[in-house]
Amino acid sequence: MSFEGMDFETRAVHVGSEPDPATGAVIAPIYQTSTFAQEAVGEHKGYEYARTGNPTRANLEACLASLEGVGPEGPGGGVCFASGMAATATVLQTLGPGDHLVLSADVYGGTYRVAARLFEGWGLRLDVVDMTSLDQLKQAVRSETRLVWVETPTNPLLGIVDIMGSADAAHAAGALCAVDNTFATPFLQRPLELGADLVVHSSTKYLGGHSDVVGGALVTTVPELYERARFLQNAVGAVPGPMDCWLTLRGVKTLALRMRAHCHNAMRVAAFLAGRPEVAEVRYPGLAGDPGHELAARQMAAFGGMVAFRPAGGVQAAKRLVAATEVFTLAESLGGVESLIELPGEMTHASVAGTAAEVPADLIRLSVGVEHPDDLVADLARALDRA
Ligand SMILES: *Cc1c(COP(=O)(O)O)cnc(C)c1O
């Protein structure tokens, strides 16, 4: 059965999850094996060794590719990794000494860290620019530029970068455009349809959705890049295990339902915070006055589940606040069904302190979960009163 012409929700449930032909099991099995029997030398059913390929991983790769708009016939496809950082590092491994990378300011801290502290040492040239201004991006690209790396919404400030404009600027310089689509997910934003060449995910976050598995993926429409990523996946070996792939595939089935709830709840929380005198600034692209609102309304289906804000009382007030919530758990990461609160300057983004990618010390980031929004708002109200 081909689900390719069908809608997002249907593909999320069915692509890569067809009943097992051997037994009829409705849920495709977890192929917990490292190797595969051959009938004769080189005669097998498409699998030889599990670093090279595993059916559970292939199921997840098919599903994620489909959700980003790439069908089984390509061009390109999906490639899964042991973490989001492994997917990111694989993309950077396709570059060589002397190649120039333009990274958006306010990217995931680990992305900046691996680019600056590993790949720069191997001769990669790196520039970090605020891509919420397309002019800054256009000035940064040059003839050696091979890749423009966009993350939108940005992390943790939730700025919005114009994907179509960034892809045009990259292509004008003969470079590719990558988008880290972790925050938005393909349910809200499909960069490949807006002209980007590849999408990277930390599937640890919304795709898995239950804070119980670490994983990563890339999906590309460029056949040569897809072949290179497949080569690197096997040659380097940062592959996810079958159980992790199965958990992620199970999570993805409810992605649409969860994202609708995340967006609804985040809007409630952002509007609540914007009305409180103890809050100096709220960043949420869904708020009409937010600097990214109009662009987000054009390139996203809705505004996502992440909210950032700065309390009026500065960094000490921020530290008291993140320790005072009870429904929101103080923890790194995001995208699970449970609400999380954190202080990026000292937690997720500590590795970029003192660099161009540093974030305001008093900024609080919320990953708004799918609990009842009344309970989330009441929890924040109690914490604001106490802090
Ligand atoms: C978490 C995250 C990553 C890194 O993914 P891991 O699965 O933790 O390796 C990359 N980009 C973004 C936007 C993230 O939130």
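**Q** Explanation requested: the sheet that holds strand β8 (residues 279–283) in the structure shown.
**A** What holds strands together in a sheet is hydrogen bonding between their backbones, with the strands either parallel or antiparallel. Spatially, β8-β9-β12-β11-β10 is the arrangement adopted by the 5 strands of the open sheet, whose pairing is mixed. The sheet is open, and its two borders are formed by β8 and β10 (329–330), each paired with just one other strand. In terms of strand pairing, β10 meets strand β11 (residues 340–342) through 2 bridges, oriented parallel. Considered in β11, the bridge of Leu330 is made with Ile341. Sitting on the sheet, helix α12 (residues 314–324) is in contact with β9 (306–311), β10, β11 and β12 (364–367), with an inclination near 130° to β9.

**Q** Which parts of the structure should I look at to understand the domain arrangement of the protein?
**A** Where interface size is quoted, it is often the accessible area lost as the parts come together. Per the domain assignment, the segments making up the protein are domain 1 (8–252) and domain 2 (255–386). Between domain 1 and domain 2, the C-alpha centre-to-centre distance is 26 Å. Both faces combined, the contact of domain 1 with domain 2 buries some 3,200 Å², and carbon together with sulfur accounts for 66% of it. At the boundary of domain 1 and domain 2, one finds 1 salt bridge. Across the pair Glu9 and Arg260 runs a salt bridge, and its minimum N-O distance is 2.4 Å.

**Q** Please explain the sheet that holds strand β3 (residues 125–129) as it appears in this structure.
**A** Read from one edge of the open sheet, 7 strands run β1-β7-β6-β5-β4-β2-β3, paired in mixed fashion. Each having just a single partner strand, β1 (77–81) and β3 make up the two edges of the open sheet. Pairs of neighbouring strands in the sheet enclose a mean axial angle of 20°, with direction left out of account. When strand β5 (residues 176–180) meets strand β6 (residues 198–202), the two strands line up parallel, connected through 3 bridges. Across the sheet, the residue bridging to Ala178 is Leu198, located in β6. Of the strands in this sheet, β1 and β7 (216–220) touch helix α2 (residues 55–67), which is tilted by about 130° from β1.

**Q** Explain the nonpolar core to me, please; I cannot follow it from the model alone.
**A** Grouped burial of nonpolar side chains is what soluble globular proteins tend to show. Leu64, Phe187, Val252 and Leu255 are the most contacted members of the largest nonpolar core, which totals 32 residues. Secondary-structure elements contributing two or more residues to this core are α1 (8–14), α2, α7 (185–188), α9 (242–252), α10 (255–274), α11 (293–299) and β9. Viewed by domain, this core spans two of them, domain 1 (8–252) and domain 2 (255–386), each represented by three or more residues. Every residue in contact with Leu64, bar those within four places of it in the chain, is listed here: Cys80, Leu207, Ala217, Val219 and Val252.

**Q** When you look at the packing of helix α3 (residues 84–93) against helix α4 (residues 109–119) in this model, what are you seeing that I'm missing?
**A** Packed helix pairs are specified by the crossing angle of their axes together with the interaxial distance, meaning the distance between the axes. As a packed pair, α3 and α4 sit with axes 10 Å apart at the nearest point and diverge in direction by 40°. With respect to α4, the element α3 is oriented oblique. Helix-helix and strand crossings are classified by hand; for α3 and α4 the assignment is right-handed. Contacts from Met85, Thr88, Ala89, Leu92 and Gln93 of α3 reach α4 at Gly110, Thr111, Val114, Ala115 and Phe119. For the contact of α3 with α4, the residue count by class is 6 nonpolar, 4 polar and no charged.

Parameters at a glance
Residues numbered from 1 in each chain as written. Predicted model: local features only at pLDDT ≥ 70, side-chain atom pairs only at ≥ 80, totals over all residues. Heavy atoms only, no water. Pairing = 2+ DSSP bridges. Helix = DSSP H or I, 4+ residues; strand = E, 2+ residues; numbered from the N terminus. Contact = heavy atoms within 4.5 Å. Axes fitted to C-alpha atoms, helices over the stretch in contact; angles between N-to-C directions. Domains from an automatic or database assignment. Buried area = accessible area lost by both parts, 1.4 Å probe. Salt bridge = Lys/Arg side-chain N within 4 Å of Asp/Glu carboxyl O. Core = buried A, V, L, I, M, F, W, Y, C linked by side-chain atoms within 4.5 Å. Buried < 20%, exposed > 50% of the residue type's maximum accessible area, 1.4 Å probe, protein only. Parallel < 35°, antiparallel > 145°, perpendicular 65-115°, else oblique. Left-handed = near helix turned anticlockwise from the far one by under 90°. Nonpolar A, V, L, I, M, F, W, Y, C, P; charged D, E, K, R; others polar.

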